[in-house]
Amino acid sequence: MNQLIKHFPMLLTNYMQIEPFSERIKIYALPKEEKMPLFLDSLKRVARTQHCDKLIFYVTQEDRTRESLKQFELEGAIKGFFKGKDAFIYSFFLHPSRNYTVDPQKEKRVIEQACAVTKKAGRSILPAKYTMRRPTENDAEEMSRLYRSVFKTYPTPMHDPDFIRGVMKNEVYFTVIEHKDRIISACSADVLPSFQSAEMSDCATIEEHRNKGLLSYQFSFLIRLMQQKKIWTLFSYSRSLSLGMNVVNIYHGFTYGGRMVRNSNISGQLESMNIWYRQLRTT
C-alpha cells in the first residue's frame with residue numbers, strides 16, 4: 001500500500017475502490033503505460049494483503065490499445081460511463097479458482113428469458129395500498145432490517161444503519177415503498193460524480209410482496225430523477241442466476257453489456273453479475 005500511495009497518490013485517492021468483502025479492487029483510471037508494471041506489481045501486493053483476488057479496470061476506448069491490457073480479460077462494457085465516453089471492463093484474476101462460472105447454462109437461460117421481455121416505456125403502476133417516498137436518515141434502521149431479511153450477505157454494508165445514513169449524504173438517492181406503514185421494498189441510484197454516471201442498486205423487496213412491480217415502479221422514478229440531474233448513463237449489475245432484476249433492467253430499456261465473473265458477495269457467496277446500462281444523454 002505504501003508504494004501505491006508514494007507513486008500513485010491521485011489514483012489511489014480518487015480512482016480506486018478496495019472492497020475486501022467481495023474480494024475485489026476496482027480501478028477507474030490507469031497511469032501512463034511506462035508506469036503500468038510498477039502499478040500492477042504494487043496493486044497485486046495490496047490485493048493479497050486485503051484478501052482480494054480480482055482486479056477490475058474500467059478502461060476508456062483510447063486506453064484499449066495498451067500492450068499491458070493483453071494480460072487482462074474483457075468482461076463487458078458500459079456505454080457513456082465516463083461523462084459520455086464508453087467504459088470497457090477488464091479483469092485480472094490473481095487465482096484461477098476465481099475465474100469460472102458456476103452454471104453457464106442457467107446464466108444463458110436467464111439472459112434469453114430476460115431479453116424476451118417486451119421493453120415498455122413509461123411509469124409502472126403502483127398497486128393499491130402501497131405508497132412510495134424518498135426516505136430520510138430516520139428510516140435507516142428499518143431499511144437495514146429490510147436488507148438483512150432479504151440478503152444473507154451484500155457487497156456493501158447495507159445491514160448497517162450508520163452506513164445507510166452515511167451514503168444518503170453522498171449522492172446515493174433512495175426510494176422506499178411502504179405497506180401498512182412498514183418498509184417492504186427499497187432501491188437506489190448511486191451517483192458517481194467524477195463520471196456523471198449512476199448505478200441502479202440496493203434493490204430489495206420482502207418475498208411476500210414480490211411480483212407486483214414494486215422495484216420497477218421505483219426504477220421509473222429514479223430514472224426520471226437522474227435525467228433531471230443530467231446524468232449521462234445509468235448502469236446496473238444483476239445476479240446472473242436470478243431472473244428478477246435482469247427483467248427489470250430490460251423492461252426499462254437497459255442494454256446487456258456483458259458478465260462479470262464471480263464478482264459480488266451476495267446472499268452468502270460470490271456471484272457473477274450481468275452488466276446492464278442505459279444512456280440518458282449523448283450530448
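Preceding this paragraph is the structure being described.
For clarity, every value in this text was computed on a predicted model and none was experimentally measured.

Calculation rules
Residues numbered from 1 in each chain as written. Predicted model: local features only at pLDDT ≥ 70, side-chain atom pairs only at ≥ 80, totals over all residues. Heavy atoms only, no water. Phe/Tyr/Trp six-rings, centres within 6.5 Å; stacked < 30°, edge-to-face > 60°. Buried < 20%, exposed > 50% of the residue type's maximum accessible area, 1.4 Å probe, protein only. Lys NZ or Arg CZ within 6 Å of the ring centre and 35° of its normal. Core = buried A, V, L, I, M, F, W, Y, C linked by side-chain atoms within 4.5 Å. Helix = DSSP H or I, 4+ residues; strand = E, 2+ residues; numbered from the N terminus. Salt bridge = Lys/Arg side-chain N within 4 Å of Asp/Glu carboxyl O.

**Remarks on the packing of aromatic side chains**
Between two aromatic rings, the relevant description is the distance of the centres plus the angle of the planes.
Next up, step 1: Per the counting criterion, the structure on display carries 16 aromatic pairs.
Next up, step 2: Here the aromatic rings of Phe-81 and Phe-82 are separated by 5.0 Å at their centres, their planes lie at 90°, and the arrangement is edge-to-face. Like Phe-82, Phe-81 is buried.
Next up, step 3: Site record: aromatic cluster; members linked through ring pairs are Tyr-15, Tyr-28, Tyr-58, Phe-81, Phe-82, Phe-195, Phe-235 and Tyr-237.
Next up, step 4: The lysine or arginine in question, Arg-64, covers the ring of Phe-88, its NZ or CZ lying 4.0 Å from the ring centre.
Next up, step 5: Against the face of Trp-232 rests Arg-281, its NZ or CZ located 3.9 Å from the ring centre.

**Observations concerning the nonpolar core**
Next up, step 1: Residues Met-143, Leu-146, Tyr-147, Phe-151, Ile-164 and Phe-174 are the most contacted members of the largest nonpolar core, which totals 25 residues.
Next up, step 2: A total of 5 residues in this core trace back to one element, the largest contributor, which is helix H5 (residues 140-150).
Next up, step 3: Membership of the second largest hydrophobic core comes to 22 residues, among which are Ala-189, Val-191, Ala-198 and Leu-215.

**Focus on the pattern of salt bridges**
Next up, step 1: Evaluation of the coordinates by the stated rule reveals 14 salt bridges.
Next up, step 2: A salt bridge links Arg-66 to Glu-33, with the shortest nitrogen-to-oxygen separation between them at 3.2 Å. Of the two residues, Arg-66 sits in the loop between strand E3 (54-59) and strand E4 (73-82) while Glu-33 sits in the loop between strand E2 (24-27) and helix H3 (36-49), which places them 33 residues apart along the sequence.
Next up, step 3: The salt bridge partner of Arg-165 is Asp-162, with a shortest N-O separation of 2.6 Å. Placement of both Arg-165 and Asp-162 in helix H6 (residues 161-168) is noted, with a separation of 3 residues, approximately one turn of the helix.
Next up, step 4: Look at Arg-165 and you get partly exposed, because its relative accessible area is 21%.
Next up, step 5: For Asp-162, a relative accessible area of 53% corresponds to the exposed category.
Next up, step 6: Connected via shared salt-bridge partners are Glu-19, Arg-24 and Lys-26.

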